[in-house]
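Coordinate analysis (summary)
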Amino acid sequence: GIFYALALDASADPQDKSYAKQRHAIEILRHFAVDHPEHPGIAHYVIHSCDNPELAKDALEAAREYAEIAPESAHAQHLRCSTTSIRSTRSHPST
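Bringing the packing of helix H1 (residues 2-10) against helix H3 (residues 40-49) into the picture now. For the pair H1 and H3, the least separation of the axes is 10 Å and the interaxial angle reads 20°. In this view, H1 runs roughly parallel relative to H3, as classed from their interaxial angle. Considering the relative orientation of H1 and H3, their crossing is left-handed. Judged by residue contacts, Ile 2, Leu 6 and Asp 9 of H1 engage Ile 42, Tyr 45, His 48 and Ser 49 from H3. Partitioning the contact of H1 with H3 into residue classes produces 4 nonpolar, 2 polar and 1 charged.

What follows concerns unusual backbone geometry. Phi at Tyr 19 is positive, roughly 55°, even though this residue is not glycine. Turning to its location among the elements, Tyr 19 is positioned in the loop between H1 and helix H2 (20-35).

Ranked by internal contacts, the top residues of the largest apolar core, which has 20 residues, are Leu 29, Val 46, Ile 47 and Cys 50. For this core, the secondary structure elements donating two or more residues are H1, H2, H3 and helix H4 (56-69). Considering every element that reaches this core, the biggest residue donor is H4, with 5 residues. When near neighbours in sequence (up to four residues on either side) are disregarded, Cys 50 contacts Ile 26, Leu 55, Ala 56, Asp 58 and Ala 59.

With that settled, consider H1. Within H1, the full set of buried residues consists of Ile 2, Ala 5 and Leu 8. Around the axis of H1, the buried residues are gathered within 115° of arc, so they sit on the same side. Facing away from the buried side of H1 by over 90 degrees, the exposed positions are Phe 3 and Ala 10. Elements in contact with the buried residues of H1: H2 and H3.

Counting buried residues along H3, 7 of its 10 residues qualify, which places the element largely inside the surrounding structure. Where H3 is concerned, the buried positions are Gly 41, Ile 42, Ala 43, His 44, Val 46, Ile 47 and Ser 49.

Another aspect to go through is the side chain of Gln 22. Structurally, the position occupied by Gln 22 is in helix H2. Apart from the residues within four sequence positions on either side, Gln 22 is in contact with Asp 9, Ala 12, Ser 49, Asn 52 and Leu 55.

Turning next to the confidence of the model for the chain. With 76% of its residues at a pLDDT of 70 or more, the chain shows a mean pLDDT of 82. Across residues 84-95, confidence stays below pLDDT 50; counting only partners more than four residues off in sequence or on other chains, it has 6 contacts.

What counts and how
- Residues numbered from 1 in each chain as written.
- Predicted model: local features only at pLDDT ≥ 70, side-chain atom pairs only at ≥ 80, totals over all residues.
- Heavy atoms only, no water.
- Axes fitted to C-alpha atoms, helices over the stretch in contact; angles between N-to-C directions.
- Helix = DSSP H or I, 4+ residues; strand = E, 2+ residues; numbered from the N terminus.
- Parallel < 35°, antiparallel > 145°, perpendicular 65-115°, else oblique.
- Left-handed = near helix turned anticlockwise from the far one by under 90°.
- Contact = heavy atoms within 4.5 Å.
- Nonpolar A, V, L, I, M, F, W, Y, C, P; charged D, E, K, R; others polar.
- Core = buried A, V, L, I, M, F, W, Y, C linked by side-chain atoms within 4.5 Å.
- Buried < 20%, exposed > 50% of the residue type's maximum accessible area, 1.4 Å probe, protein only.
- Arc of directions from axis to C-beta.
- pLDDT = per-residue confidence, 0-100.

Listed below in structure tokens is the structure:
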């Protein structure tokens, strides 16, 4: 399941603006997160599946969870800050 979600994300066509594979990967990962809420990999993989402007808003909750699950991880803290920054930029684009 989790590795299938990773494969979906990795094989997604960058030209597909529906982000169907990424959305499916996120759905699978969120299903696993219910039973494994402290699994840092699941939150991490959700964030990376949301690595595009269209899905960035969906990464915020996962980024916060990842930072809480793995507070000593510099990468977890970076992703939380990065995701927040992306959301802020999209909410208030410069003119």
